[in-house]
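Analysis of the macromolecular model
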Amino acid sequence: MRSRLRYLLLLPPLVFLGVFYFYPLVSIFGQVFSTAAQKEAGGLGKLLGTGYLARIMWFTTWQAALSTLLTLVLALPGAYVFARYDFRGKGLIQSLTAVPFVLPTVVTAAAFKSLLGRGGLLNAGLMKLLHLEGPVINLDHTVWFFLLAHVFYNYTVVLRLVGGFWARLPRDLAPAARLLGASGPQAFFRITLPLLRPAILAASLLVFTFCFTSFGVVLLLGGPRLATLEVEIYRQAVHLFDLPAAAALSLVQILFTFGLMAVYTWFERHTSVSLMPEPARPALRPAGQGRHRLVVGASSAFLALLLGAPLAALFLGSILTEDGLSFVYYAGLWENRAQSILYVAPITALVNSLAFALAATLIALALGWLSAAFLAGPRTRTGSLLDPLFMLPLSTSAVTLGFGFIIALDEPPLNLRTSWILPSLAHALVAFPFVIRSLLPAWRGIPASLREAAAVLGASPFRIWKEVDWPILSRALAVGGVFAFAISLGEFGATVFVARPQTPTLPLAIFRFLSQPGAMNYGQAMAMSCLLMAATAAGFIFLERLRPARGSF
Amino acid sequence: MNKPVPTILLTVTLLFAPRALAAPPVLTLMTHDSFAVSKGLLESFEKAQGLKLRVLKSGDAGAALSQAILSRSNPLADVFFGIDNTFLGRALAAGIFEAYPAPGLAGVSDDLKLDPSHRLLPVDFGDVCLNYDKAWFAKKGIAPPQGLDDLVKPLYKDLTVVQNPATSSPGLAFLLTTVGRFGEEGYLDFWKKLRANGVYVSTGWTDAYYGQFSRAKGGTRPIVVSYASSPPAEVFYSEKPLGEAPTAAVLGSGNAFRQIEFVGLLKGTKQVEPARKLIDFMLGPDFQKDIPLNMWVFPAVAGTPLPEVFVKHTQLAREPVLLTPESIEAGRRRWIEAWTEAVLR
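Residues numbered from 1 in each chain as written. Chains lettered and ligands numbered in written order. Predicted model: local features only at pLDDT ≥ 70, side-chain atom pairs only at ≥ 80, totals over all residues.

Side note on the overall build of chain A
A count of helices and strands for chain A gives 23 helices and 4 strands. For chain A, the proportion of contacts with a sequence separation of at least 24, taken over those separated by at least 6, is 83%. (Helix = DSSP H or I, 4+ residues; strand = E, 2+ residues; numbered from the N terminus. Contact = placed C-beta atoms within 7 Å.)

See below:
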């Protein structure tokens, strides 16, 4: 009886996906392929026939795998520190690690170039210091440049998903293993790592998918010689008008990621372990004494270098003017030189951005919660099929989906092509896989015995939910909320390719400044980016405060 | 649809339905992200016509055109502005525009009227050309480049940045400049020499101008592909008032490509008359006069007064390269692919 009712949970997410994801995709594929069949499908055959597709697939896959590996290796120590230690400014630093997530790729690229480019700060400094003629660091237009940017973007995914999970692991297991004679590394690889596997897998899947469909940073930092599948789809669709080729490539992308996610889902289902979670406010180690202080210090320093330096370069760009340090660019934001209607007051853009982000976050949280509630239940065939399905929006080409919206959502009651709600819906589509992945490991990890014990002790179902499930889930939900908020603020996904009326947001205002010559335009783009970062950080701090069980992760 | 509709949709529909009944008729102008006009200008048009004008921004010029073509059976807008001559052939072939021989065309020079069927009408134009950093050349004591031929000389090694024609509109325009200048037989040779001379290919205009050009923070190259109007924009958007532009455009004969932007009436619009009025308005003196400082291009109607910053700091290109829309449409893909092979592989 209860298990039948469980299926009702699926109704909203499935309807949402059906209407805003599958319907547009099927429409665009249908239209493109039927017209392509009428004409000669020469280009398509050429595309699939030569080694061209294989080359792009190979490059896309290995760069995503390498990005994921790098991010994991660099972020796991950070996750450990955040899970196990308590230190001053922890909450703030944790909030700030998600800031890169909202930066438009143009801005990230500008930050990396002004820091590490041929004429960037680091090269200029080194050349002066070592009296060199040419630049020392030549990352520009190499794979390494955008791999670095991928780590910059995704560090927070691993930190939050794995760190949050790690904080809940019983902390007496590893010491117990040590007591029984295991070495430190042995205890880590045999006990801790296997226990962390669900969270590590979930984070890896998100990071991999993100990098697999990476577009902007690859174009801007990788240069014209390197192309991921997503870059190629964009090129074919927007600049060569070859929609059949673009659609075929999108289909390949979708099928590949679906396969990958199916494998992951299977794996996850067979590896999740439920453990007695630590209390909501576990006794964390203060970072006061010698060795511990060093660990925390080193990890904070690393964070400052990896995430802080590019952000600092951005901030520097917004205050470094011809006359030295000044706030003229910020002042300029409030001035409309050309008397243009396109002029966007920073406050207007900020309010628009926040409104879109709030709507998207609420939709994503609601849908993600329902989906996770179903998926966390008993193992069913439906579940193994739906789980990878729910992840698909994250891995679908933004151009293709955007074009799909245009031809599919054009009739009442779905005449949403130019509605104010469309950006939020499109952002929620990308954000809700993040919410599911944040929630599921936590949900599956709640031991049934805990609920049963509470029931035996006479707790009502509501009380059980409130005392057992909610404290654990609320933490995971806040993490999902942060991601959803960030994804929407950064205008990630199909909205870039969707027509929209005059509702300027911060990222759109930044693009606008960066499309015209003149020192003020560049400076104001940097200033606007800093406003975006500040708004994001404030939003995250607010979200973190909302959740009841503060103090841990 | 017989499926249950999510609550959000219902709310949205309910919220919008009554408003749609009460409001004045809405005319929609679809355009690219660079569209801009002065405050109040569109309001004067709205007032005169008793309607509400909605401007729909749809990404860059290529993305906007793709959207217009995709939505042809149920158009997103009544009027489309922002197709340039590199995409004109494609837009006409798609058959999404309706002819309108606007009276305002009389004032437009014949070179700009590329569509004899009057489905797409010229509104403005800009010259894509080389820009250079004056201070850099003065400091090094090297003569600034006079044209394309200079770029392949050893003196100018590693100094030039261009945009990828496969991902950038000025990049494509510059590729077409070389095709027009050196011909189908010669343009690849030029590019091979340019490659040997250390040309830097960036993804788009922003990346080139704000990332690699020596005027930018961290940029090292003093020659960049941009517009004839970039020097006045540098003056207009400078931090402090400037007497002289910090950059200059190379405008000699055969060294620039004239990018012409067109407006057209979308087939299937139910508001033909108001849509025509909008096109008339865009070819009228108020709108034309407003173009330079907002979109940083030149007005199409001859004799439209230019703002001082344009008069002082730039000129039109002399004898820009001419290619017919048909030849561009026929050659675009082939040229881009051959270019990619020659310059990137």
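Remarks on the confidence of the model for chain B
Residue and element names in this part refer to chain B. For chain B, per-residue confidence averages 90 on the pLDDT scale, and 93% of positions sit at 70 or higher. Within chain B, helix α1 (residues 7-22) has the poorest average pLDDT of any element, 48, and strand β8 (residues 223-227) the best, 97. Note on residues 1-21: pLDDT is under 50 here. Beyond four places in sequence and across chains, it has 11 contacts. (pLDDT = per-residue confidence, 0-100.)

Digging into the nonpolar core
Counting 272 residues, the largest nonpolar core has Val162(A), Ala431(A), Leu439(A) and Val79(B) as its most contacted members. A per-element tally of this core places helix α8 (residues 143-168) of chain A first, with 17 residues. There are two domains that each give this core at least three residues, and those are domain 1 (7-125 + 259-307) and domain 2 (127-257 + 317-344) of chain B. Beyond its immediate stretch of four places on either side in the chain, Val79(B) contacts Leu29(B), Val263(B), Leu265(B), Leu266(B), Ala275(B), Leu278(B) and Ile279(B). (Core = buried A, V, L, I, M, F, W, Y, C linked by C-beta atoms within 7 Å. Buried ≥ 20, exposed ≤ 12 C-beta atoms within 10 Å, placed from the backbone. Domains from an automatic or database assignment.)

A short note on the interface of chain B and chain A
On the side of chain A, 56 residues touch chain B, which itself brings 58 residues to the contact. When residues of the side of chain B that touches chain A are traced back to their parent elements, those giving at least two are α1, β2 (52-57), α3 (61-70), α8 (205-212), α9 (230-236), α11 (285-295) and α13 (325-344) of chain B.

Concerning unusual backbone geometry
Its identity is not glycine, yet His141(A) carries a phi of approximately 60 degrees, on the positive side. Counting through the fold element by element, His141(A) comes out in the loop between α7 (121-130) and α8.

Points about helix α4 (residues 52-84) of chain A
A rise of 1.5 Å per residue sets the reference length of α4(A), with its 33 residues, at 48 Å; its end C-alpha atoms lie 48 Å apart and thus fit the reference within 8%. The principal kink in α4(A), of about 35 degrees, is found at Ala75(A), preceding the proline Pro77(A) by one to four residues. (Expected span 1.5 Å × (residues − 1). Bend = angle between axes of the 7 residues up to and from the residue.)

Topic: the domain arrangement of chain B
All names here are of chain B. Along its sequence, chain B is organised into domain 1 (7-125 + 259-307) and domain 2 (127-257 + 317-344). Between domain 1 and domain 2, the contact holds 12 residues from the first and 13 residues from the second. Broken down by element, the residue count for the side of domain 1 that touches domain 2 peaks at 4 residues, all from helix α4 (residues 88-93). Of the residues that constitute the side of domain 1 that touches domain 2, the class distribution is 6 nonpolar, 4 polar and 2 charged. (Nonpolar A, V, L, I, M, F, W, Y, C, P; charged D, E, K, R; others polar.)

Here's the deal with the environment of Leu350(A)
Considering the arrangement of structural elements, one finds Leu350(A) in helix α16 (residues 346-375). When sequence neighbours within four positions are dropped, the list of residues in contact with Leu350(A) reads Leu506(A), Leu531(A) and Ala535(A).

So, the packing of α4(A) against α8(A)
All names here are of chain A. Two elements in contact, α4 and α8, have axes separated by 6 Å at closest approach and are oriented at 40 degrees. By the angle class used here, α4 and α8 are oblique. Every pair of crossing elements has a handedness; the one defined by α4 and α8 is right-handed. Looking at the contact of α4 with α8 residue by residue, the classes come out as 19 nonpolar, 7 polar and no charged. (Axes fitted to C-alpha atoms, helices over the stretch in contact; angles between N-to-C directions. Parallel < 35°, antiparallel > 145°, perpendicular 65-115°, else oblique. Left-handed = near helix turned anticlockwise from the far one by under 90°.)

Points about the pairing of β8(B)
Residues and elements named next belong to chain B. Counting buried positions along β8 yields 5 of 5 residues, so the element is predominantly enclosed. By the bridge criterion, 5 bridges tie strand β5 (residues 120-133) to β8 in an arrangement that is antiparallel. Across the sheet, the residue bridging to Asn 131 is Val 224, located in β8. In this structure, strand β6 (residues 160-163) lies alongside β8, joined through 2 bridges in parallel fashion. By the bridge assignment for β8, Thr 160 is matched with Ile 223. (Pairing = 2+ DSSP bridges.)

Some remarks on the pairing of strand β10 (residues 257-266) of chain B
Residues and elements named next belong to chain B. Of all 10 residues in β10, 10 are buried; the element is thus mostly enclosed. Pairing between strand β4 (residues 97-98) and β10: 2 bridges, direction antiparallel. Paired with Glu 98 across the bridge in β10 is Leu 265. Relative to β10, β5 runs antiparallel, the two being bridged by 8 bridges. In the strand pairing of β10, Gly 126 is matched with Gln 259.

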